[in-house]
Amino acid sequence: YKIMMMMLWCVVVLCYVSVSSGIFVVMKEGEGRCFKVEVPRDVLIVGVFKSEALNNEWQLGSSRAPPAQGDQSMVDLFNQKVGTLSIEVEVKDPANTVVHKRAYTPTSRFALTSTLGGEYSICFRTASSAWWGQLRWKFDVSIHTGSEATDYADVAKKEHLDNLQLAVRRLFDRAQGVRSEMAYQKDREKTFRDTSESTNARAAWWSVLQVVIVVVTAYFQMQHLKTFFRKKKLI
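Let me begin by describing the structure that accompanies this report. (Residues numbered from 1 in each chain as written. Predicted model: local features only at pLDDT ≥ 70, side-chain atom pairs only at ≥ 80, totals over all residues. Heavy atoms only, no water.)

### Re helix 4 (residues 163–231)
Then comes step 1: Given a rise of 1.5 Å per residue, 69 residues ought to cover 102 Å, and the 101 Å separating the end C-alpha atoms of helix 4 matches this to within 8%.
Then comes step 2: Every buried residue of helix 4 is accounted for by Leu166, Asp173, Gly177, Val178, Glu181 and Tyr184.
Then comes step 3: Remark: Lys233 follows helix 4 within two positions and exhibits a positive phi of approximately 55 degrees. (Helix = DSSP H or I, 4+ residues; strand = E, 2+ residues; numbered from the N terminus. Expected span 1.5 Å × (residues − 1). Buried < 20%, exposed > 50% of the residue type's maximum accessible area, 1.4 Å probe, protein only.)

If you want it as structure tokens, here you go:
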């Protein structure tokens, strides 16, 4: 029973380590979109993005009203500007240091390896802006981390691996991901514990300081009252 529970736990952790998120947003020329991803140290991060013409935006839950008759559609505007459109990708590590910054075509991909464990900020923005006729388009983003970011078809081709060897390689990479994730969570637990102990110690000393202030204040009040009563010849 214990062995089965341990195997089930490992499967859950493996599923957790290999993170892959895919969403789409409505991008606007001159504005940016930022996403967060939390990874351990020395983990591959791959972002894949694709730009498509935005048609019938009001049907996607937007508050924007349907275009009036005669207005230029976003599809026509997209086809007009897509050739010159440039997407700037900026990635910042947990220390808020820019570790990757480059301009890409509207549909492209980027890759980097995390140097620190923590939360990375990935921002997409257009390199150009327009005062009127601003383009809005559908922007699909998929961010893969861990073993899910590895192109195993390319690995098998370069290293001449068969299906069994490739499966072992994939399992090994996931096991390495589990090890990195556990080490990262252990470091986070240590940091949280140190912070909690420091906060508790400060709270305890603050309580002692409050008691000392109350005692000192009471002592001076008593001395003042004693002096006052003596001047009034009441004691």
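### What to know about the packing of aromatic side chains
Then comes step 1: Considering all chains together, one arrives at 8 aromatic pairs under this definition.
Then comes step 2: With a centroid separation of 6.0 Å and 70 degrees between ring planes, the pair formed by Phe35 and Phe124 is classed as edge-to-face. Here the residue Phe35 occupies a position in strand 2 (residues 32–39), and Phe124 occupies one in strand 7 (residues 118–126), the gap between them amounting to 89 residues. Comparing Phe35 with Phe124, the two get one shared label, buried.
Then comes step 3: Above the face of the Phe24 ring, Lys138 is positioned so that its terminal group lies 4.7 Å from the ring centre. (Phe/Tyr/Trp six-rings, centres within 6.5 Å; stacked < 30°, edge-to-face > 60°. Lys NZ or Arg CZ within 6 Å of the ring centre and 35° of its normal.)

### Structural notes on the nonpolar core
Then comes step 1: If you look at the biggest cluster of nonpolar residues, it comprises 27 residues, and the most contacted ones within it are Phe49, Val89, Phe110, Ile122, Phe124, Trp137 and Phe139.
Then comes step 2: Contributing elements (two or more residues each) for this core: strand 1 (20–28), strand 2, strand 3 (44–53), helix 2 (74–81), strand 4 (87–92), strand 6 (108–113), strand 7 and strand 8 (136–145).
Then comes step 3: The biggest single contributor to this core is strand 8, with 4 residues. (Core = buried A, V, L, I, M, F, W, Y, C linked by side-chain atoms within 4.5 Å.)

### A word on the pattern of salt bridges
Then comes step 1: Inspection of the entire model under this criterion finds 6 salt bridges.
Then comes step 2: Taking the shortest distance from any N to any O, the salt bridge between Glu29 and Lys81 comes out at 2.9 Å. Taken as a pair, Glu29 in the loop between strand 1 and strand 2 and Lys81 in helix 2 lie far apart in primary sequence, 52 residues in all.
Then comes step 3: By relative accessible area, which is 5% here, Glu29 ends up buried.
Then comes step 4: Glu88 is the salt-bridge partner of Arg125, the closest N and O atoms lying 3.7 Å from each other. Of this pair, Arg125 sits in strand 7 while Glu88 sits in strand 4, and the two are 37 residues apart along the sequence.
Then comes step 5: It is possible to trace a salt-bridge network through shared partners that takes in Glu88, Glu90, Lys101 and Arg125. (Salt bridge = Lys/Arg side-chain N within 4 Å of Asp/Glu carboxyl O.)

### As for helix 2
Then comes step 1: Along helix 2, the residues that are buried comprise Met74, Leu77, Phe78 and Lys81. Viewed end-on, helix 2 has its buried residues packed into an arc of 100 degrees, placing them on one side of the element. Of the exposed residues in helix 2, the ones pointing more than 90 degrees away from its buried face are Asn79 and Gln80.
Then comes step 2: The secondary structure elements touched by the buried residues of helix 2 are strand 3 and strand 8. (Arc of directions from axis to C-beta. Contact = heavy atoms within 4.5 Å.)

### Digging into the pairing of strand 3
The two faces of the sheet receive side chains in turn, since in a regular strand these alternate between them.
Then comes step 1: Looking at chain direction, strand 3 and strand 6 are connected through 6 bridges and run antiparallel. Looking across to strand 6, one finds that Val46 is bridged to Ala111.
Then comes step 2: Where strand 3 lies against strand 8, 9 bridges are found, and the strand directions are antiparallel. Among the inter-strand pairings, Ser51 is bridged to a residue of strand 8, identified as Phe139. (Pairing = 2+ DSSP bridges.)

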